[in-house]
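So you can see what is in the structure, the chains are spelled out below.
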Amino acid sequence: PAARVARLDRDSVRRKGALTSLLTRFRDAEIDVLVGTQMIAKGHDFPNVTLVGVISADVGLGMADFRASERTFQLLTQVAGRAGRGDLPGAAIVQTLYPDHYSVQLACRQDYPAFYERELQFRRAMRYPPLVALINMVVRARTFAGAMDDAADIAQKLRDGDVERQGLTVLGPAPPPLNRLRGEYRAQLLVKGTNRRRMREALLAVVRSRPEVARRTNVDVDPLSVL
C-alpha cells in the first residue's frame with residue numbers, strides 16, 4: 001500500500017517531456033512500481049528492476065491475425081527482459097488463460113529456436129507467410145452491405161480469372177476485425193500465392209475493371225497486419 005505507483009501509456013505521456021521525466025524518476029527510484037501498456041515492454045534498461053508482471057498475457061492470441069502467436073512471443077520475451085538486467089536476479093510472472101500455448105511456454109523459456117520451429121509448422125500447415133506471399137485487400141463503403149458487395153465482386157472476378165491455374169487462393173470477403181473506421185464500413189479479402197508477378201497482374205486487371213471501387217480499396221502487399 002505504501003508503494004509509489006506511476007502509469008505509462010499514451011494518455012499519461014501526451015505532454016511534451018512527460019515520458020522522459022517519468023522514466024527518469026523510475027530510474028532514480030522515485031517510483032517503486034510502474035504500470036503500463038506495451039510501451040513499457042520495449043527498449044528500457046533499468047538495472048534495479050527485479051520483477052515484471054504481465055496481466056492477460058494472451059489477449060493478443062485471440063486476434064484475427066496469423067502473426068498473433070509471433071507477436072505474443074515477442075511481447076512476452078521483451079517485457080520479461082526488463083527484469084534482472086543488473087547484478088540482481090530478476091523474475092517475470094505471466095498471467096494467462098492458455099498456459100500450455102507454445103508462444104507462452106517458449107517465451108517463458110526464452111527459447112527462440114523452438115518457437116521458430118513451432119510457428120513455422122503452423123505457417124506451413126495454413127499456407128501463410130513466409131511460405132507464400134499474401135495480399136490484404138480492404139474495400140470501404142458508406143454501408144456494410146455496399147462494402148461486402150463490392151469486395152465479393154472483386155473476389156468473384158479473381159476466381160473467374162482461373163486463380164487456381166495461377167496458383168492463387170482467394171479468401172473472403174469477410175468483415176475485418178475493425179469493420180468500421182472513420183465513418184466507413186470495411187470488407188476484407190486475402191489473396192495467397194507464390195508468384196508475386198501473377199498476383200499483381202491478376203489484381204491490377206480486376207481493380208482496373210472497377211475504377212469506382214478501386215478508389216475505395218486499399219491493397220497491402222506482404223502486410224504487417226491484417227486487422
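Residues numbered from 1 in each chain as written. Predicted model: local features only at pLDDT ≥ 70, side-chain atom pairs only at ≥ 80, totals over all residues. Heavy atoms only, no water.

**Student:** What should I look at first to understand the environment of Ile31 in this one?
**Tutor:** Locating Ile31 in the fold gives a position in the loop between helix 1 (18–27) and strand 2 (33–36). Separated by 97 residues in the primary sequence, Ile31 and Tyr128 place their C-alpha atoms 44 Å from one another. Sequence-distant contacts of Ile31, defined by excluding residues within four places in its chain, comprise Arg4, Val5, Ala6, Leu22, Arg25 and Phe26. (Helix = DSSP H or I, 4+ residues; strand = E, 2+ residues; numbered from the N terminus. Contact = heavy atoms within 4.5 Å.)

**Student:** Sorry if this is basic, but what is going on with unusual backbone geometry here?
**Tutor:** With the exception of glycine, most residues fall at negative phi, and the peptide bonds are largely trans. Going from Pro129 to Pro130, the amide bond is cis rather than trans, its omega being 10 degrees. Here Pro130 shows up in the loop between helix 4 (112–126) and strand 5 (133–141). Not every positive phi belongs to a glycine, and Ala29 is a case in point at roughly 65 degrees. Residue placement: Ala29 occurs in the loop between helix 1 and strand 2.

**Student:** I would appreciate a short explanation of the confidence of the model for the chain in the present structure.
**Tutor:** In low-pLDDT regions, the fine details of the predicted coordinates are not to be read closely. Overall, the prediction assigns the chain a mean pLDDT of 89, with 99% of residues at 70 or greater. Highest mean pLDDT in the chain belongs to helix 4 (96); lowest belongs to helix 6 (residues 196–209) (88). (pLDDT = per-residue confidence, 0-100.)

**Student:** Got a minute to help me understand the packing of aromatic side chains in this structure?
**Tutor:** Aromatic ring pairs are described here by two measures, namely the spacing of the ring centres and the angle between the planes. One pass over the structure, following the stated rule, counts six aromatic pairs. With 4.9 Å between their ring centres and 85 degrees between their planes, Phe26 and Phe46 make a pair best called edge-to-face. Of this pair, Phe26 sits in helix 1 while Phe46 sits in the loop between strand 2 and strand 3 (51–54), and the two are 20 residues apart along the sequence. Note on Phe46: relative accessible area 13%, which makes it buried. Ring centres of Phe66 and Tyr128 lie 4.9 Å apart, and the angle between their planes is 5 degrees; this geometry places the pair in the stacked category. Of this pair, Phe66 sits in the loop between strand 3 and helix 2 (68–80) while Tyr128 is found in the loop between helix 4 and strand 5, placing the two residues 62 residues apart along the sequence. Residues Phe66 and Tyr128 agree in their burial class; the two are buried. One aromatic cluster in this structure is built from Phe73, Tyr102, Tyr112 and Phe115. Lying across the ring of Tyr128, Lys192 places its NZ or CZ 4.0 Å from the centre. (Phe/Tyr/Trp six-rings, centres within 6.5 Å; stacked < 30°, edge-to-face > 60°. Buried < 20%, exposed > 50% of the residue type's maximum accessible area, 1.4 Å probe, protein only. Lys NZ or Arg CZ within 6 Å of the ring centre and 35° of its normal.)

**Student:** Help me understand the side chain of Asp58, please; the structure alone is not making it clear to me.
**Tutor:** Looking at the element boundaries, Asp58 is found in the loop between strand 3 and helix 2. The buried charged residue Asp58 lacks any salt bridge partner; its closest oppositely charged side chain belongs to Arg118, at an N-O distance of 15 Å. Non-local contacts of Asp58, meaning those with residues more than four positions away in its chain, are made with Thr96, Leu97 and Tyr98. (Lys, Arg positive; Asp, Glu negative; His and termini not counted. Salt bridge = Lys/Arg side-chain N within 4 Å of Asp/Glu carboxyl O.)

**Student:** Which parts of the structure should I look at to understand the nonpolar core?
**Tutor:** Soluble globular proteins tend to bury their nonpolar side chains together. In terms of nonpolar packing, the biggest core is built from 26 residues, with Leu8, Leu22 and Leu34 touching the most fellow members. Contributing elements (two or more residues each) for this core: strand 1 (5–8), helix 1, strand 3, helix 2 and helix 3 (102–108). Other than its neighbours up to four places away in sequence, Leu8 contacts Val13, Leu19, Leu22, Leu23, Leu34, Val35, Gly36, Thr37, Met39, Ile40 and His44. Residues Ala151, Ala155, Val170 and Val213 belong to the second largest nonpolar core, which totals 22 residues. (Core = buried A, V, L, I, M, F, W, Y, C linked by side-chain atoms within 4.5 Å.)

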